[in-house]
Amino acid sequence: MAKRIDGKAFAEGLRERVGEAVSSLQRDHGLTPGLAVVLVGEDPASQVYVRNKGKQTLEAGMKSFEHKLPNTTSETELLGLVNQLNADPDVHGILVQLPLPDQIDSHAVINAINPDKDVDGFHLINVGRLSTGASGLVPCTPLGCLMLLKAKLGDLSGKNAVVVGRSNIVGKPMAALLLAESCTVTIAHSRTQDLAEVCREADILVAAVGRPEMIPGGWVKPGATVIDVGINRIEGEEGKTRLVGDVDYASCEAVAGAITPVPGGVGPMTIACLLRNTVQAACASNGITFDFD
Ligand code: GUN
């Protein structure tokens, strides 16, 4: 049977290390990292994420600033808030929760954030830094996946990595991170021919397509490491809903060498990496060496 990768436990350990880093920043530099989270509208899933982010930010000993704006907020108003946060020296990280309402251009808002406060790593400057190997802020979910992979496998150099999904939030930055670790990287997606064959070549298979249980065990190379980024809510028994990933866990677990479960795999890593990125941003903006990893 495959080894289950316990993302929940790993994320708890990471959050503890963030808490220790915050304590030493306060002790040695009188600096408390601060994270501002902006939520526009009332999307229930976004409200849950934002609440958890605020709670975990405070638990790590950092300052948390929450801005909740109505669904009718204009782009100009939101840009005004972003500029105010850019100028606030107590705010080291800014996260604008996506998706935004239709009247707001998400790209315009993301690219208005000071790139050195862009803890999501979505700003064009940070995308460019990642793809050219310069240091910068890296998107949280792929960073969390990479940490789990390195913890499990050690050196990733020379491994065949297949990323299924090409989103700007997960697929593309994941591919860039794996390439930087000297993997041979393939990005597959909905138009890929012979997707099963492509997946079967993977020593590392990252699924980030948002399609419930799309990848069966028959697509997995024996002994491969499978990272499931999907979080899909489907109808379960007796009208109840349950969470499943993008891979069919039962059949993949039988073939894989290691696999992340859903829930309790990649999910908890995302907020832990957001806290880590906030510490990184606070250090960089104060000229403090960040020797975290
Ligand atoms: N909505 C879903 N995932 C994310 C994320 O990683 N960052 C932001 N800002 N919004 C999201």
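Please read these numbers as outputs of a predicted model, since none were measured by experiment.

S.K.: Would you take a moment to explain the pattern of salt bridges for this structure?
M.R.: Close approach of charged atoms lets side chains of opposite charge pair. As enumerated under the stated definition, the model contains nine salt bridges in all. Across the salt bridge formed by K8 and E12, the nearest N and O atoms sit 3.9 Å from each other. Note that K8 and E12 are positioned in helix α1 (residues 7–29) at a spacing of four residues, about one turn of the helix. With a relative accessible area of 39%, E12 lands in the partly exposed category. Across the pair E66 and K68 runs a salt bridge whose closest N-O atoms are separated by 3.7 Å. On the basis of relative accessibility, which here comes to 38%, the residue E66 falls in the partly exposed class.

S.K.: I keep staring at the sheet that holds strand β3 (residues 63–69) and nothing clicks. Help me out?
M.R.: Backbone hydrogen bonds are what pair the strands of a sheet, in a parallel or an antiparallel way. Reading across from one edge, β3-β2-β4 is the order of the three strands in this open sheet, with parallel pairing throughout. Two strands in the sheet have a free side with no partner beyond their single neighbour: β3 and β4 (93–96). Strand-to-strand twist in this sheet, taken as the mean axis angle between neighbours without regard to direction, amounts to 15°. Where strand β2 (residues 34–40) and β4 come together, four bridges link them in parallel fashion. Its bridge partner being in β4, L35 is matched across the sheet by G93.

S.K.: What is the right way to read the site of the ligand from this model?
M.R.: Residues in close proximity to the ligand include L95, V96, Q97, L98, D120 and F122, which together make up its full environment. A distance of 2.8 Å is found between a nitrogen atom of the ligand and a backbone nitrogen or oxygen belonging to V96. Here a nitrogen atom of the ligand and a backbone polar atom of L98 are 2.9 Å apart. Protein burial of the ligand: of its 280 Å² of free accessible surface, 78% is covered by the chains. Here the residues of the shell around the ligand sort into four nonpolar, one polar and one charged.

S.K.: Can you walk me through α1 in this structure?
M.R.: Residues spaced three or four apart along an α-helix point in a common direction, a consequence of the helix completing one turn every 3.6 residues. Its 23 residues place the ends of α1 32 Å apart at the C-alpha level, agreeing with the 33 Å of an ideal helix rising 1.5 Å per residue. Burial in α1 covers these residues: G7, A11, L14, V18, G19, A21, V22 and L25. Contacts made by the buried residues of α1 are with α6 (140–153) and α10 (267–285). At the N-terminal end of α1, a side-chain oxygen is found 3.3 Å from the backbone nitrogen of K8, two or three residues along, and the residue is D6. With its phi angle positive at about 60°, G30 sits one or two positions after the end of α1.

Calculation rules
Residues numbered from 1 in each chain as written. Predicted model: local features only at pLDDT ≥ 70, side-chain atom pairs only at ≥ 80, totals over all residues. Heavy atoms only, no water. Salt bridge = Lys/Arg side-chain N within 4 Å of Asp/Glu carboxyl O. Helix = DSSP H or I, 4+ residues; strand = E, 2+ residues; numbered from the N terminus. Buried < 20%, exposed > 50% of the residue type's maximum accessible area, 1.4 Å probe, protein only. Pairing = 2+ DSSP bridges. Axes fitted to C-alpha atoms, helices over the stretch in contact; angles between N-to-C directions. Near = heavy atom within 4 Å. Polar contact = N/O pair within 3.5 Å; in protein donor to acceptor, adjacent residues only side chain to side chain. Areas by Shrake-Rupley, 256 points an atom, 1.4 Å probe, with all protein chains shown as cover. Nonpolar A, V, L, I, M, F, W, Y, C, P; charged D, E, K, R; others polar. Expected span 1.5 Å × (residues − 1). Contact = heavy atoms within 4.5 Å.

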